[in-house]
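Residue-level listing of the chains:
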Amino acid sequence: MNFFNKNLLFFFPESPFSKRAGNVLRTYTNLKQLKSLGLNIDLVGVEDYYKSFGDSAEDIDSAIIDDVFVLKTTPPKQKLSFDYWRYKIQRRFSKDNTNQYLTPYLEDHFAAVLDKKKYDYIFINYEFWTDLIRKQDLKGAKTIIDTHDWITLNEFYNNKTLDVGKRFGEEIANLSFYDKVVTISRDEYFIFKSFLGDKVINIPPSFPENFEDTKIDKKFDLIFVGSDNPFNVVSIKWFIEKVQPLLSKEIRICIIGRICKHIPDHENIEKVFFADDLKTYYHASKIAICPMLKGTGIKIKVVEAMSFGIPVVGTEKAVDGFLDKKNNGCMVDDNEQKLAEIITNLINNESDYLQLKHEAQEFFKNNFSERKSIELWKKALHI
């Protein structure tokens, strides 16, 4: 099938060009790969998200995106405005929606975008935005949902009183609306496929291969890259409080990203709040750590580290979503003492380290290459 001159409308609430977190970076990668197929891509975002993150539509890459629409969730607060009162009343009497940004005003303005052009595909990120298109006239467009995570489980981590059965029923009902359901985790692929059948396709995250081609001096023993989402905050604090004291005082750690706001100053920790190019830091590090305690789906930071040719040490959640839990370039344990012993051995035993590094590179090439990902996107679009 030829995708040239096919039109795709891509909804992602925040700017995919900020690359501030794993989910955003993966979305940016998806857009690049979809564009490489010859698609014309229009992007829709939500103004509240753009404002809260300090994003701008001006930062959109015009080589990837043809047109961008950043939509408001509410009309201007002019109390004499008919629109203001109409939407205020409409929202009060509309059904309860846990997604506070999914308003009738937003839905109407999304409909106006749909009226501007005939789209062949409509791509939605996250199932809790399904009502944005459920009642719209899609004019025959094929629909694709990128799940990102198993949302019910994510919400349960944050709310132990959640009615899991009800919420999972809603999630499956939302996913069943689409022509194609994309997962990134092999575990979630099997779960959703059990309920939804062949419309489910697994497309793991992918990165360009950036293995170092020379032996570079390693400035850091460990590296962690992350945003300041709650799961990252809890996890890195646990590592610093429980694991780091069990390690040699000579071990040097590099931490990159907004997570640095939550990291205490330490003589052996170098904090980098923003790095435009991670390649320099990854190539200067021996091991990536992923001490995640909560969260679902493949950890983008793990695949990203492997793309730079370095192995990963973490908790068992570091290998969530992997088809193979062993021989994958990762060594994992949920016990802080054992995790410290793994790190110490890899730093002191070069043969063990090089073996794990080789496994990481081979696992990356076999599972997360850009070439493989693009072929899977072609398959997803053959609806």
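Residues numbered from 1 in each chain as written. Predicted model: local features only at pLDDT ≥ 70, side-chain atom pairs only at ≥ 80, totals over all residues. Heavy atoms only, no water.

Under an unreviewed UniProt entry, the name given to the chain is Glycosyltransferase family 4 protein, and the organism recorded is Chryseobacterium kimseyorum.

Glancing now at the sheet that holds strand β11 (residues 285–290). Strand pairing within a sheet occurs via backbone hydrogen bonds; the two strands may be parallel or antiparallel. Ordered in space as β10-β9-β8-β11-β12-β13, the six strands form an open sheet in which the pairing is parallel. Because the sheet does not close on itself, it has two edges, and the strands there are β10 (269–272) and β13 (330–332). Looking at each pair of strands side by side, their axes are set apart by 25° on average, direction ignored. Sheet analysis places β11 next to strand β12 (residues 312–314), joined by three bridges and oriented parallel. Its bridge partner lying in β12, Ala288 is registered against Val312. (Pairing = 2+ DSSP bridges. Helix = DSSP H or I, 4+ residues; strand = E, 2+ residues; numbered from the N terminus. Axes fitted to C-alpha atoms, helices over the stretch in contact; angles between N-to-C directions.)

Quick look at the side chain of Asn367 now. If you trace the backbone, Asn367 turns up in helix α13 (residues 350–367). Leave out the neighbours within four places in its chain, and Asn367 touches Pro204 and Lys372. (Contact = heavy atoms within 4.5 Å.)

On strand β9 (residues 253–256), burial covers both faces: Ile253 and Ile255 on one face and Cys254 and Ile256 on the other are all buried. In this sheet, β9 lies alongside strand β8 (residues 220–225) in parallel orientation, the contact comprising four bridges. By the bridge assignment for β9, Ile223 is matched with Cys254. Each parallel crossover has a hand, and for β8 linked through helix α9 (residues 230–243) to β9 it is right-handed. (Buried < 20%, exposed > 50% of the residue type's maximum accessible area, 1.4 Å probe, protein only. Right-handed = clockwise from strand over helix to strand, strands pointing away.)

Moving on, we come to the packing of helix α7 (residues 164–176) against helix α8 (residues 186–196). At a minimum axis distance of 11 Å, the contact between α7 and α8 shows a crossing angle of 70°. When the axes of α7 and α8 are compared, the pair comes out roughly perpendicular. Taking contact as the criterion, the partners of Phe168, Glu171, Ile172, Leu175 and Ser176 in α7 are, on α8, Ile191, Phe192, Phe195 and Leu196. Partitioned by chemical class, the residues of the contact of α7 with α8 number seven nonpolar, one polar and one charged. (Parallel < 35°, antiparallel > 145°, perpendicular 65-115°, else oblique. Nonpolar A, V, L, I, M, F, W, Y, C, P; charged D, E, K, R; others polar.)

A positive phi angle is found at Lys139, which is not glycine, with a value near 55°. On the secondary structure map, Lys139 appears in the loop between α5 (131–134) and β5 (142–146). A positive phi angle is found at His148, which is not glycine, with a value near 65°. Position of His148 among the secondary structure elements: in the loop between β5 and α6 (151–158).

We now examine the side chain of Gln361. Residue position: Gln361 is located in helix α13. Here Gln361 falls in the buried class, since its relative accessible area comes to 18%. In this structure Gln361 touches Phe211 and Gly309, once residues within four positions along its chain are discounted.

The subject of this paragraph is helix α4 (residues 104–116). If you check α4, its first and last C-alpha atoms are 19 Å apart, about what 13 residues at 1.5 Å a residue would give, namely 18 Å. Every buried residue of α4 is accounted for by Pro104, Tyr105, Leu106, Phe110, Ala111, Val113 and Leu114. (Expected span 1.5 Å × (residues − 1).)

If you check helix α12 (residues 336–348), its first and last C-alpha atoms are 18 Å apart, about what 13 residues at 1.5 Å a residue would give, namely 18 Å. By the burial criterion, the buried members of α12 are Leu339, Ala340, Ile342, Ile343 and Leu346. Along the axis of α12, the buried positions cluster into a sector of 155°, meaning they face one direction only. Two or three places before Gln337, at the start of α12, stands the capping residue Asn335, its side-chain oxygen 2.9 Å from that residue's backbone nitrogen. (Arc of directions from axis to C-beta. Polar contact = N/O pair within 3.5 Å; in protein donor to acceptor, adjacent residues only side chain to side chain.)

Attention now moves to the pattern of salt bridges. Scanning all chains against the criterion turns up 23 salt bridges. Its salt-bridge partner being Arg167, residue Glu155 comes within 2.9 Å of it at the nearest N-O pair. Note that Glu155 is positioned in helix α6 and Arg167 in helix α7, a separation of twelve residues in sequence. Taking relative accessible area as the criterion, Glu155 reaches 27% and is therefore assigned partly exposed. Between Arg258 and Asp228 there is a salt bridge, with its nearest N and O atoms 3.2 Å apart. One end of the pair, Arg258, is in the loop between β9 and β10; the other, Asp228, is in the loop between β8 and α9, and 30 residues separate them in sequence. Through salt bridges that share partners, Glu127, Glu155, Arg167 and Glu170 make up one connected network. (Salt bridge = Lys/Arg side-chain N within 4 Å of Asp/Glu carboxyl O.)

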